[in-house]
Amino acid sequence: MPLPPVPRPVLLAVALVLVLVCWRQWAPVSYWYLFGFPCKAVWLRWSWRHVASGCGLTKKRNRWWFTTVPGLVSSTGVVRVKRRLQRVAVDTKPWMGLPRPTRHGFRVTFHLLDGQIPEDYAKVCDRLAHAWRIEAVRVVGSRPGRVTLQGINRDPLAHVIPAVAPVEPPDGWRAEDLLRPVVGVLETGAPWRMDFRLIPHWMNAGATQSGKSNLINALIVGLAPQPVALVGFDLKGGVELSPYTPRLTALATTRGECLDLLADLIGVMGARMLACRWLAVRDIWQLPDASRPIPVVVMVDEIAELFLTADKAEKDQVTRTATALLRIAQLGRAFGIHLVLSGQRIGSDLGPGVTALRAQIGGRVCHRVNDPETAVMTLGDLDPDALVAARSIPPELPGVAVVTGSDGRWYRARSGYVSTAVAEQVATAYAHLTPSWAQVATSGLGHDLAPASENPQIAA
Ligand SMILES: Nc1ncnc2c1ncn2[C@@H]1O[C@H](COP(=O)(O)OP(=O)(O)OP(=O)(O)O)[C@@H](O)[C@H]1O
């Protein structure tokens, strides 16, 4: 018997599914969207009551419920079981929204039960990940009465991630685009943006070969096309940062040079401070674009070298260095001077100045570490789970780190891979954007501007 003809739309849909699933590059993603996710979503909703109860997310509530009460034994010896509607305490699960697919997993929103806060969910993320048989679960958003979780199916950080070189916007750089380079990928699949405007200073810690220099390379690639000044302190004798000299406004490689350069930076900061006062603005970002001083990003490689003392004579130098760095960390944000401090250990064992400096640095990046103390020093004031995540980064995944996000939460992330040769090429390609020290020192000092009371641009 001949088969009935298959309608053309059905044939087309089957062909599309086959193409998507068989196309090598898209196969895992297509498979997930077409088959994996629908099954997972059904299973998530079906098993939610048990999972919520197992993870301690349910609450007891009084409900009208049919309960079995022991009946009387009749004269014939039959036990009568009675069901009665009674008010009893039952487990209530938080309401679960419809899971939505993402490239690496899914997102789902929950309504918080009375007395619950998003942190209650953050605490049980590991339990949820095991219950849902997935790689990880993270809290990615919250608003009053709601929390959104992201489930991550496959670790997107397991593969080397190519760095993304930013393209100059066609209408030039606007203030809001500046100092927000994308340096890698978060485990949620979102871009990892080191937002200097939101978190002005960053600490980049990790054991040797953990990927610290690669992150600096990614930063160079991200910042080189922007109208900013890059300043290097390379205490490894210049081997790390000297290839990027064409794009560096200044590079110090010895402790003496570092002290001079720090003094110059403090001088620039003081001049900008006076200019802001004259123009009656609180920071340089309130100035019109044309009169804003050039922002400066200071990259320090191996901070410990700045604080180690071999003899008494060096003690005074170290004290002056620590004081200068602390002043920049305290006041730099308002005057456009930002710090990125890299090192294997950044803690109190380097001297009392380091603890005060660390307290001023909001951005934390902790690569693989050898000892728990370094993770505690870098991430100690974040969630304790961040320490566990940092300690479990394996050596075969260089560049993976635990980082502070702009929402105040911590994430696992991996910097985009940038070889020294590529970073060098980028630095040379944008050498024409390198401002001279004189330009950095004098830019936007308000010589061409009237004070705020007479300047409609600033008043606006
Ligand atoms: N995000 C990444 N993706 C892939 N490979 C990476 C990544 N980051 C670093 N690597 C590789 O890991 C190795 C060590 O990286 P890197 O030199 O950045 O480490 P480091 O922490 O600066 O080491 P050291 O302290 O010894 O200078 C390099 O071979 C680099 O290519």
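What counts and how
- Residues numbered from 1 in each chain as written.
- Predicted model: local features only at pLDDT ≥ 70, side-chain atom pairs only at ≥ 80, totals over all residues.
- Heavy atoms only, no water.
- Helix = DSSP H or I, 4+ residues; strand = E, 2+ residues; numbered from the N terminus.
- Contact = heavy atoms within 4.5 Å.
- Axes fitted to C-alpha atoms, helices over the stretch in contact; angles between N-to-C directions.
- Parallel < 35°, antiparallel > 145°, perpendicular 65-115°, else oblique.
- Left-handed = near helix turned anticlockwise from the far one by under 90°.
- Expected span 1.5 Å × (residues − 1).
- Buried < 20%, exposed > 50% of the residue type's maximum accessible area, 1.4 Å probe, protein only.
- Domains from an automatic or database assignment.
- Buried area = accessible area lost by both parts, 1.4 Å probe.
- Salt bridge = Lys/Arg side-chain N within 4 Å of Asp/Glu carboxyl O.
- Polar contact = N/O pair within 3.5 Å; in protein donor to acceptor, adjacent residues only side chain to side chain.
- Nonpolar A, V, L, I, M, F, W, Y, C, P; charged D, E, K, R; others polar.
- Arc of directions from axis to C-beta.

Asker: Tell me about the environment of Val-88, residues and numbers included.
Answerer: With respect to the helices, strands and loops of the structure, Val-88 is situated in strand β2 (residues 82-92). Taking the C-alpha atoms as reference points, Val-88 and Arg-63, 25 residues apart in sequence, are found 5.6 Å from one another. Look past the residues within four positions of Val-88 in its chain and what remains in contact with it is Arg-61, Asn-62, Arg-63, Trp-65 and Thr-67.

Asker: I'd love a proper account of the packing of helix α6 (residues 212-223) against helix α13 (residues 420-429), names of residues and values included.
Answerer: Look at α6 against α13: their axes get within 9 Å of each other, and the N-to-C directions meet at 25 degrees. When the axes of α6 and α13 are compared, the pair comes out roughly parallel. Of the two possible hands of crossing, α6 and α13 adopt the one that is left-handed. Contacts from Asn-217, Ile-220 and Val-221 of α6 reach α13 at Thr-420, Ala-423 and Val-426.

Asker: Go over α6, please, and point to the residues and values.
Answerer: When the terminal C-alpha atoms of α6 are compared, their 17 Å separation across twelve residues agrees well with the 16 Å that a helix rising 1.5 Å per residue should span. Summarising burial for α6: eleven of the twelve residues are buried, a large majority. Taken as a whole, α6 has its buried residues at Lys-212, Asn-214, Leu-215, Ile-216, Asn-217, Ala-218, Leu-219, Ile-220, Val-221, Gly-222 and Leu-223.

Asker: Run through the domain arrangement of the chain, naming residues and quoting values.
Answerer: The domain boundaries assigned to the chain delineate domain 1 (94-154) and domain 2 (175-459). Distance between the C-alpha centres of domain 1 and domain 2: 33 Å. Each partner contributes residues to the interface: domain 1 has eleven residues there, and domain 2 has eight residues. Summing both sides of the interface, domain 1 and domain 2 together bury roughly 750 Å²; the carbon and sulfur share of this comes to 45%. Looking only at domain 1, the three residues that lose the most surface to domain 2 are Arg-138, Val-139 and Ile-152, adding up to 50% of its buried area. Here domain 1 is connected to domain 2 by one salt bridge. In this structure, Glu-187 engages Arg-138 in a salt bridge whose closest nitrogen and oxygen atoms are separated by 2.3 Å. At the boundary of domain 1 and domain 2, one finds two residue pairs in polar contact (both at pLDDT 80 or more). Looking at the side of domain 1 that touches domain 2, the elements with two or more residues in it are α4 (118-123), β5 (136-143) and β6 (146-152). Of the residues forming the side of domain 1 that touches domain 2, the biggest block, six residues, is contributed by β5. Of the residues assigned to the side of domain 1 that touches domain 2, the class counts are five nonpolar, four polar and two charged.

Asker: Let's hear about helix α10 (residues 352-360): which residues, and what values?
Answerer: For α10, the complete set of buried residues consists of Val-354, Leu-357 and Arg-358. The buried residues of α10 all sit within an arc of 100 degrees when viewed along its axis, so they share a single face. For α10, the exposed residues set more than 90 degrees away from the buried face come down to Pro-352 and Ala-359. Check the buried side of α10 and you find it contacts β9 (202-205), α8 (304-307), α9 (312-331), β13 (337-343), β14 (363-366) and α11 (372-379).

Asker: Tell me about the pattern of salt bridges, and please be specific about residues and values.
Answerer: This model, assessed by the stated rule, comprises nine salt bridges. For Asp-91, the salt bridge identified is with Lys-60, shortest N-O distance 3.1 Å. Here Asp-91 is found in strand β2, whereas its partner Lys-60 is found in strand β1 (residues 59-69), with 31 residues between them in sequence. In this structure Asp-91 comes out as partly exposed when scored by relative accessible area, which is 33%. Look at Lys-60 and you get exposed, because its relative accessible area is 59%. It is possible to trace a salt-bridge network through shared partners that takes in Arg-138, Asp-155, Glu-187 and Arg-412.

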